[in-house]
Structure formats: C-alpha cells, structure tokens
Amino acid sequence: MRYRQLTTGTLALGVILLIDVLRVWLPGIITIFGQAASTPAELMGAFALGWFVLALGAPPVVRRVGARPVVVVAAVVLALARLALTAAPGGRTQLWLATAGLLAGLVWLVGVAADTDRPVPGLALGFAVNAALHAVWDTVDVVWWGTWVAWLFSSVVVLLFLLGTAQPVARAGGARAGGARAWLLAGPALLLAGMVALSPALARTGMSYLFAGDGVAGSPLFGLAPVPVAVAAFLFTASTRPPRGWGRAYGPVALLVGALLFALDRGDLLIPAVLLTAVGLGACLALTDDDNRPNETAGTEPTGAGSGTTSDVTSATAARRGYAVAVGMLVFALGAVGYYSAYDLGYPNAAVPVVVAGLIAVVAFTAQPVVQWLPGPFPPLRAAAAVTALALLAPVVADEVPVASNRDGPPERLTVVAYNIRMGFGLDGRFDLTGLTEVVERQRPDVVLLSEVDRAWLLNGGHDTLDVVADRLGMPYVFAPAADPVWGDAVLSRWPMDDARSLPLPAVGAPTGAQALGVTLDLSDGVRTAVVSTHLQPPPGQGPVVQARAVADFAIRYAAGRPLVVAGDMNTEPGDEAFEQFTAAGLVDALAAARPLATSPADDPREQIDHIFVSAGLTPSDPVAPRSTASDHLPVAVTVTLPPR
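Owing to the predicted nature of the structure, the values given are computational and were not obtained by experimental measurement.

(A) Examining the packing of aromatic side chains more closely. On inspection of all chains with the given rule, the structure shows 24 aromatic pairs. Ring plane angle 40° and centroid distance 6.1 Å describe the contact between Phe52 and Phe332, whose orientation is recorded as tilted. Of this pair, Phe52 sits in helix H2 (residues 41-54) while Phe332 sits in helix H14 (residues 315-340), and the two are 280 residues apart along the sequence. Among the residues examined, Phe52 registers a relative accessible area of 2% and is labelled buried. Pairing Trp108 with Phe161 gives two aromatic rings, centres 5.4 Å apart and planes at 75°, and the pair type is edge-to-face. Residue Trp108 is found in helix H5 (residues 91-114), and its partner Phe161 is found in helix H7 (residues 148-166); the two are separated by 53 residues along the sequence. Each member of the pair, Trp108 as well as Phe161, is classed as buried. Taken together, the aromatic side chains of Trp25, Phe33, Phe47, Trp51, Phe52, Trp96 and Phe332 make up a single cluster linked through ring pairs. The aromatic ring of Phe365 is capped on one face by Arg248, whose charged end is 5.4 Å from the ring centroid.

This is the structure we're talking about:
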C-alpha cells in the first residue's frame, strides 16, 4: 500500500476508535462521574475540560522525543482501552478506561499531526465511515452489544489500526509545511459532525417529525434514509477540489445556514440542517486541504503510517500542527460542554453550534487558495460511493416500523407502564436497553409512557433511544420535545394513536424544558381513551405546582369526557401541593393501593415521584414498581379496567 493510502487509512481507523471512546466517555461524565445531577454541573465541566487541556502538553513531548514513539505508545493505549470497553464494565472502571482511551487518542492525534501535512482525507474518511457504521448499528455502537460479534468487529478494527501504525513505509517527496489549518478544524468538525451533519439519530428524528406534524414526532418509514445522502455529500465535497474565487464561499455559507437551522430548535428543520451542514462541513475541510505548499525537504524518509519521526520536517512545523489539533479538540470540548451544560445551568445555548460553524467557516475561507491540486489517496467518487453503499445498508437492516393494531379490540383492560429511562443508561453507567426493555416487557404493557427520552444528544452517545426501544417492544411511538427537538417524552402503544398534541409547560425557573403530550388510543368500535405523558421539572428548591396545574388542566380539556390516563415522572410525592393538583382535578391515584411505592433512586428507592393517575371511570388494579437498575428510576405499572360499553 502506498504511503498516502496507508496514512489515510490508519488515520481514519484511529478517528473511528476515538469517536467510539468518546461515545462512552461523554455520557460517563453525567451517569458515572456526575451521578445524574448529584454533582454540580461546574465540577462535571471542569472534569471534562481538564483532559483536553492536559493534551496541550503533548506537543512539547513530541518535540523532545519525536513523533513516532509517542504515536506508537498512544495508539496501543487507545486500542487497548477501546477493546476493553467492549466488555461494558460499567461504573468507575468504565469511566477510567474511557478516560485513558480519550487522553491516549488526543496524544495520538498530536503525534500524527506532527508528521502529517494532509489530514483531511483521513479525517473525512474516519468521520464518514463511523457515521455509516453508527447508522447500520441502529445508533447503538457495538461497544454496548456484549456479543461475540462486537468482540470480533472491535478486534479487527483494533488490529488493523495497530498494524497500520507499526508498518514502516517510504514517503516520497518529503513533507510539506501545510496542514495546520486542517488539524485545527479536526475538533470543531468532529463536534458539528456528531451533533448535526453525520448524526444518524438526528436524521431519523428529523424524519419522524415529518410523519406526525403539529410539533410532535411519530414512527417514520425509512427514518435513516437521509444518512447515505449526508455521508455521500460530506465525503465527496471533502475530497474534491473546491471552486475558485467567490465560489469557495458555498461551503462556509451552507455550513452556517445548516447550523442556524439546527439552532432554531424546530423538528421540521432538522433534515435540511443535517444535509446543509454535511455539504458545508465537507467543503470547508476541502478548503483547508492545501496541497500547494512547497516541500520543506526532498528525498525519501522511512516513517510510520501517519506518525513517523520529525527528521524530514522542521521542529516548528511539527509543533505548530500538534498545537493546532490540541487546540481544535479543546474547542470540541468547550463546545460540547457549553452546549449541553445549558440544560443544567439554564442559559441560552443556540449560539454554540453557530459560533463553531462560524469558526470553521472563517478558518476555511481565509485559507490560501489551492494552486496545484493533487489527487487524494483514494479516488473521490469511488471512496464516496463505497462508504455511501455501507450507509445504504442502514435503512434496510436497521429501520423497523412497528405497527399498531386494534383488530382484537376493544379490550376490557389496559396495562399502563410509566418509566423515566434516563436516556437509556443504567445506574452503572452502561447503555442498557436490554435491561430496560426486559423490565417493561415483563409487565406485558398495552401503553408505555417514557420520560427523559434522548434521541440524538452527542453528550449521551448520539443514540436514538426511543426508536430502538420501540423496535424492541414492537410498539409505535409518538414523541414530543421538551428541552429541544431530540429530548423529551413519548407514548408507545399497541393500539393506534391519533390526535397527538403537545403543551409546553411554564419553565418557572427550571433550566430543562417540560411539556405534556396527549394522544388518543383508538381501541376500535368507537372506543377511545386519552393518554397524557409528562415529566415535571420543578424549579430549584420548590415543587412543580405550576406545571402540575397546567398538566391537569390540559389533560382534562384534552380528554373531553373520555377515559383518561396521566402518567410520568412528576417529581412530587403524595400529599404534596403539586400532587394534589391532579386529585383536585378529579383524577384518581392509580397506585394508591400499593402506597408507599417508592421509585427513586432505583437501587435504594426512597421517594415516590413517579405516578399514574386515571379518571374516575377507570378502575385501577395490580399497581407495582418492579425492581430494576436499568435507569435511576423504577418503572410503575397498573392495569386499568375500562368503563362498560
């Protein structure tokens, strides 16, 4: 394999491994280090940023001992950490393994940058292949599977990466002085790729909004269909020569427009946001792929794949590229922490993706125009077609559409389950959809109401938790946004749902948004039941009285005399003023017969904050809160008998 192909392939494999580690490490900040809101957000942010700041010490080390020793050692640590995470050990072991992998990955990038003047092909290929695989895996990475397939795939990727790193090759023509701009954009590009441009979960969520309307989302057909388009557009624009003159502006403009659409927090704009950001991000990377700089030295030097010694480049050039990638990854961390910590601290965050896009646009557009464009290591059309073909598998193998049916109705009873699923992460910090769905399935539910549903947050690994849970339960869903278009509440049902409506609730000082989602179950023969799902977010030190009153009023109006179920994480206990807002509205505590019925925390429940209320015409029975540590809450379940027809 030629030098440039080996360099590009090894860099792409390393990027894939680093992103895999990030998808474990980022949620670990919340679920393991932070213990889901028991640790101050400022402390979690300091922990997250500290490791990226520490990586700024890598360039002097590379300058002192040379790039190759640093790259080899860091590559081995990154590979071993990634392989160990396949066991999903949970707890602090998982957190520190991911942290070791992250720091090793950052140091590895610095070492690679010291001797790689043209990183764009490798970075772009790594981003694109990782996104395609993430889509094929149905947004649940193999690191969480715990099967022999996961171990086999992880082992093959790790082995290829280590072989590529260790393989000495001959570089023809010496090294060039460029590449610093491209390396600087590695971190910001990774942030926008993971949040928007190459996020399969965001693409599918955007499609799901097209299947419902009125601000809510439903189970989509071919929800992952935009992913191959985004991958193809990104990879092709990143690997082809950009236009000359003012035509070079199309990439920065597309990127900024895509980021602005994403920042508007509207579900119906997510698909254009994804596609425009993908095109713009690829084009901006191409603008920094400056192959027109003269060689610093001539001749042929032996070196490792993308990582050899700095004998053929000046020490200053190596340091400049190393600092560039370290600073760029720090921008990634600042952007991620700045965007997602807003949901704990309560400040506006819409500017974050726009500012990051602006930074990329400025750095790209002000780059020296390419005078002599040299072809990349892989033909652009073939590379884009190959990765797109991989992504095209996703709508075929990963997209399922559960179908509701009322052919056996109307029923005499409905079993209702309400569950705060904490974005799918268990108490040990593992992404545990198997444990979550098993405890729900044991109740044999007809209707499931979910709180804290995450559908694309990069901070939580970029999963579409709702769609995966719906597939495993075989139940279609209706989703309503609370904090933003991809985080909120959902109703899943074996019976057809219609007339979905969402009511944003007063914030009353709480940083995370809240809403009430109403759906109507069509039980056939004209029998219809209203269901309202909510997750109340009380202001600091207070109860959610205002929100509870708003939900109760909305639910009574929405039901319009039909049988009614209201359930969710209410963050209030029986007897509290907020709890009494529901009983004052004429609703009945469906769990009363089993009180006290504590639901939080799941490993030692002491608080009764998850509730199911029903209208007076429904008769509740068999209330239960089955034990499970698949979330930090226990689910609550009850069977309700419908009024006689």
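There's more to say after this.
(B) Looking closely at the confidence of the model for the chain. Overall, the prediction assigns the chain a mean pLDDT of 90, with 93% of residues at 70 or greater. Summarising per-element confidence for the chain, the mean pLDDT is lowest in strand S3 (residues 301-304) (40) and highest in strand S13 (residues 610-614) (98). Long-range and interchain partners of residues 291-313, a stretch whose pLDDT sits below 50, account for 85 contacts in this model, where long-range means more than four residues apart.

(C) A look at the nonpolar core. Judged by nonpolar contacts, the single largest core of 161 residues is most densely connected at Trp25, Phe52 and Leu492. Per-element accounting of this core gives the leading share, 17 residues, to helix H1 (residues 3-33). Those residues within four positions of Phe52 in sequence are excluded, and the remaining contacts are Leu22, Trp25, Leu102, Leu106, Met329, Leu330, Phe332 and Ala333. Counting 32 residues, the second largest nonpolar core, distinct from the first, contains Val447, Leu449, Trp495 and Val636.

(D) Looking closely at the sheet that holds strand S11 (residues 564-569). If you trace the 6 strands from one edge of the open sheet to the other, you get S8-S9-S10-S11-S13-S12, paired in mixed fashion. Two strands close off the open sheet at either side, each with one partner strand: strand S8 (497-504) and strand S12 (588-589). Sheet strands in contact with helix H21 (residues 577-584) are S11, S12 and S13, and its direction is about 15° off that of S13.

Calculation notes
- Residues numbered from 1 in each chain as written.
- Predicted model: local features only at pLDDT ≥ 70, side-chain atom pairs only at ≥ 80, totals over all residues.
- Heavy atoms only, no water.
- Phe/Tyr/Trp six-rings, centres within 6.5 Å; stacked < 30°, edge-to-face > 60°.
- Helix = DSSP H or I, 4+ residues; strand = E, 2+ residues; numbered from the N terminus.
- Buried < 20%, exposed > 50% of the residue type's maximum accessible area, 1.4 Å probe, protein only.
- Lys NZ or Arg CZ within 6 Å of the ring centre and 35° of its normal.
- pLDDT = per-residue confidence, 0-100.
- Contact = heavy atoms within 4.5 Å.
- Core = buried A, V, L, I, M, F, W, Y, C linked by side-chain atoms within 4.5 Å.
- Pairing = 2+ DSSP bridges.
- Axes fitted to C-alpha atoms, helices over the stretch in contact; angles between N-to-C directions.

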